[in-house]
Amino acid sequence: MSENTKTPRIRFKGFNDAWEQRKAETLFISYVEKGFPALPVLSATQDKGMVYRDDAGKIVVHDKNNEIGYKRVQPGQFVIHLRSFQGGFAHSNILGITSPAYTIFGFKEGEKQYDLFWKCVFSSPNFIKRLESVTYGIRDGRSISYDEFLTMKFIIPEYKEQVKIATCLIRTDNLITLHQRKCDKLKNIKAALLEKMFPQGDSTTPKIRFNGFTDTWEQRKLGEVTQYATSSLKIADCTDEGEFDLYDANSVIGKTNFNVQTEDYITIIKDGSGVGTVRLLPKNTSFIGTMGAILAKNSEIEFIYALLQRFDFSQHINGATIPHVYYSEYKQDIIYAPIRNEQRIIGKIFKQLDNLITLHQRKVEKLKNIKS
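Residues numbered from 1 in each chain as written. Predicted model: local features only at pLDDT ≥ 70, side-chain atom pairs only at ≥ 80, totals over all residues. Heavy atoms only, no water.

S.K.: Looking at this structure, I do not really get the packing of aromatic side chains. What am I missing?
M.R.: Aromatic rings considered in pairs are described by the distance between their centres and by the relative angle of their planes. On inspection of all chains with the given rule, the structure shows 35 aromatic pairs. Judged by centre distance (6.5 Å) and plane angle (90°), the ring pair of Phe127 and Phe149 falls under edge-to-face. Within this pair, whereas Phe127 is found in helix 3 (residues 125–130), its partner Phe149 is found in helix 4 (residues 146–149), the two being separated by 22 residues in sequence. Among the residues examined, Phe149 registers a relative accessible area of 0% and is labelled buried. Here Phe311 and Tyr330 contribute two aromatic rings whose centre-to-centre distance is 6.5 Å and whose plane-to-plane angle is 65°, an arrangement assigned as edge-to-face. Residue Phe311 is located in the loop between helix 7 (301–309) and helix 8 (327–330), and its partner Tyr330 is located in helix 8; the two are separated by 19 residues in the primary sequence. Per residue, the accessibility class of Phe311 equals that of Tyr330, and both read buried. Sitting over the face of the ring of Phe36, Arg72 holds its NZ or CZ atom 4.3 Å from the ring centroid. (Phe/Tyr/Trp six-rings, centres within 6.5 Å; stacked < 30°, edge-to-face > 60°. Helix = DSSP H or I, 4+ residues; strand = E, 2+ residues; numbered from the N terminus. Buried < 20%, exposed > 50% of the residue type's maximum accessible area, 1.4 Å probe, protein only. Lys NZ or Arg CZ within 6 Å of the ring centre and 35° of its normal.)

S.K.: For this particular structure, what's the right way to read the pairing of strand 20 (residues 291–296)?
M.R.: In regular strands, side chains alternate between the two faces of the sheet. Most of strand 20 sits inside the fold, with five of its six residues counted as buried. Summarising the sheet, strand 14 (residues 226–229) and strand 20 pair through four bridges and their orientation is antiparallel. What sits directly across from Tyr228, in strand 20, is Ile294. When strand 17 (residues 265–269) meets strand 20, the two strands line up antiparallel, connected through four bridges. In the sheet register, Thr267 faces strand 20, and the bridge partner there is Ala293. (Pairing = 2+ DSSP bridges.)

S.K.: It is not clear to me how the sheet that holds strand 2 (residues 28–31) should be interpreted in this structure. Could you clarify?
M.R.: Hydrogen bonds between backbone atoms are what pair the strands of a sheet, whose relative direction is either parallel or antiparallel. Taken together, four strands build an open sheet; the order of strands is 2-9-6-7 and the sheet is antiparallel. The open sheet has two edge strands with one neighbour each: strand 2 and strand 7 (89–91). The sheet shows a mean angle of 35° between the axes of neighbouring strands, direction not considered. By the bridge criterion, four bridges tie strand 2 to strand 9 (residues 103–107) in an arrangement that is antiparallel. Within the sheet, the bridge partner assigned to Tyr31 lies in strand 9 and is Ile104. (Axes fitted to C-alpha atoms, helices over the stretch in contact; angles between N-to-C directions.)

S.K.: Explanation requested: the sheet that holds strand 14 in the structure shown.
M.R.: Ordered in space as 14-20-17-18, the four strands form an open sheet in which the pairing is antiparallel. Each end of this open sheet is capped by a strand with a single partner; those strands are strand 14 and strand 18 (278–281). Here the strands of the sheet are splayed against their neighbours by 30° on average, with no regard to which way each runs. Contacting strand 14, strand 17, strand 18 and strand 20, helix 7 runs over the sheet at an angle of about 165° to strand 18. (Contact = heavy atoms within 4.5 Å.)

S.K.: How do you make sense of the environment of Ser133 when you look at a structure like this?
M.R.: For Ser133, the position within the fold is in the loop between helix 3 and strand 10 (135–136). Owing to a relative accessible area of 53%, Ser133 belongs among the exposed residues under this scheme. Sequence spacing of Ser133 and Glu148 is 15 residues, and the spatial spacing of their C-alpha atoms is 8.4 Å.

S.K.: Just to check I follow, could you spell out the environment of Lys164 for this structure?
M.R.: Along the polypeptide, Lys164 turns up in helix 5 (residues 159–196). Exposure remark for Lys164: the relative accessible area of 43% places this residue in the partly exposed category. Lys164 sits 129 residues away from Ala293 along the chain, and the two C-alpha atoms are 51 Å apart.

S.K.: How do you make sense of the layout of surface pockets when you look at a structure like this?
M.R.: Unoccupied space between atoms shows up once a probe the size of one water molecule is rolled over them. The calculated volume of the second largest pocket comes to roughly 580 Å³. Taken together, the elements giving at least two residues each to the lining of the second largest pocket come down to helix 5, strand 18, helix 7 and helix 9 (340–371). Tallying contributions element by element places helix 9 first for the lining of the second largest pocket, with 10 residues. In the lining of the second largest pocket, the residues fall into nine nonpolar, five polar and eight charged. (1 Å grid on protein atoms, 1.4 Å probe; cavity = no way out; pocket = protein on both sides within 12 Å on 5 of 7 lines; lining within 4 Å. Points joined across faces, edges and corners; volume = space filled by probe spheres on them. Nonpolar A, V, L, I, M, F, W, Y, C, P; charged D, E, K, R; others polar.)

S.K.: When you look at the packing of helix 5 against helix 9 in this model, what are you seeing that I'm missing?
M.R.: Between two packed helices, both the angle of their axes relative to each other and the distance between the axes serve to describe the pair. Where helix 5 contacts helix 9, the two axes come as close as 9 Å, and the packing angle between them is 160°. One finds that helix 5 runs roughly antiparallel with respect to helix 9. Between helix 5 and helix 9 the crossing geometry is left-handed. By residue class, the composition of the contact of helix 5 with helix 9 is 15 nonpolar, five polar and eight charged. (Parallel < 35°, antiparallel > 145°, perpendicular 65-115°, else oblique. Left-handed = near helix turned anticlockwise from the far one by under 90°.)

S.K.: Would you take a moment to explain unusual backbone geometry for this structure?
M.R.: The bulk of non-glycine residues show a negative phi, and the bulk of peptide bonds are trans. A positive phi angle, close to 55°, is found at Asn259, a residue other than glycine. Along the chain, Asn259 turns up in the loop between strand 16 (252–256) and strand 17. Positioned with a positive phi, Asn284 is a non-glycine residue whose angle comes to about 60°. Residue placement: Asn284 occurs in the loop between strand 18 and strand 19 (285–287). On the basis of relative accessible area, Asn284 is assigned to the partly exposed category, the value being 38%.

S.K.: Got a minute to help me understand the nonpolar core in this structure?
M.R.: Among soluble globular proteins, nonpolar side chains are generally buried collectively. Membership of the largest hydrophobic core comes to 33 residues, with the highest contact counts inside it found for Phe198, Leu308, Tyr330 and Phe350. When contributions to this core are tallied by element, the ones reaching two or more residues are helix 5, helix 6 (222–225), strand 17, helix 7, helix 8, strand 21 (334–337) and helix 9. Those residues within four positions of Phe198 in sequence are excluded, and the remaining contacts are Leu193, Pro206, Trp217, Phe303, Ala306, Leu307, Arg310, Ile346 and Phe350. (Core = buried A, V, L, I, M, F, W, Y, C linked by side-chain atoms within 4.5 Å.)

Listed below in structure tokens is the structure:
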């Protein structure tokens, strides 16, 4: 937004007028409408706006006779709820009543303001940051002063452009939600398969198997199907002349020519924050020394990775100040493993699931960046 022209850098076609600066008191008006006990009671939520209290998942014991003193909330209005310094302007698209302690407000000129545009404004990081100047109290007990909110200034477009902007942002939100739900569903599927595609308790075979595999799984020590490698590399060892990616616990941090692994391998955080966390990395890469590398030995690395994601490292974690876990200890643990062909198929299934989860996670992050 340019301060001189009061126009944004990106606009929809057909909109050329400068945006108008308005004080909140010229836009909004509060409502105190009581005496509607027959209407459903609404609850304010941080992420879903106003919802029916019966659908909010909370059991609230109260005197129903008091509902005659509750305030009516109409579709298109906003509710400022208590302890709401992280947003707290709950939009309502339903009719109901809510706590008399809340502030209900709407528009003075409803035909000139689009409520869903303002829903986007009130949930934006910029607005939430500005709320710090109109809150009172301490910690999570801070509340918003409606009177001081009315002194805030906004630069806004005319109604039709508000509709365009809100529609674009809401569609983006819907896409984010769609991909997040797909991601969550895939994670649930993966968790269920990790449980059912590996033997449980004293069983030597899993509940789910692929056609053609009937042999019992063989009891082995983890160290019999894996081997371990260490690294002395640090962030400072990144070099412009390096040919191979160097990983820390989260991502590529630079290039190196040292300690390069020639096969796919699994990193494990061996000490500090996230100790015991495993990650599958591709061959021809390297890793920093806060992690160790678990490699396959007479086994399939993708199967081992799936196995380790359900492995209990907690029993081997030591250290009160800096927790750590040693391969020399957990390699003695008993695991069950099928023949290589079955390992290969199981590993492939989980790799495909991981790829799909990563795909949807990246789409979510990309859409969030676009929205921002």
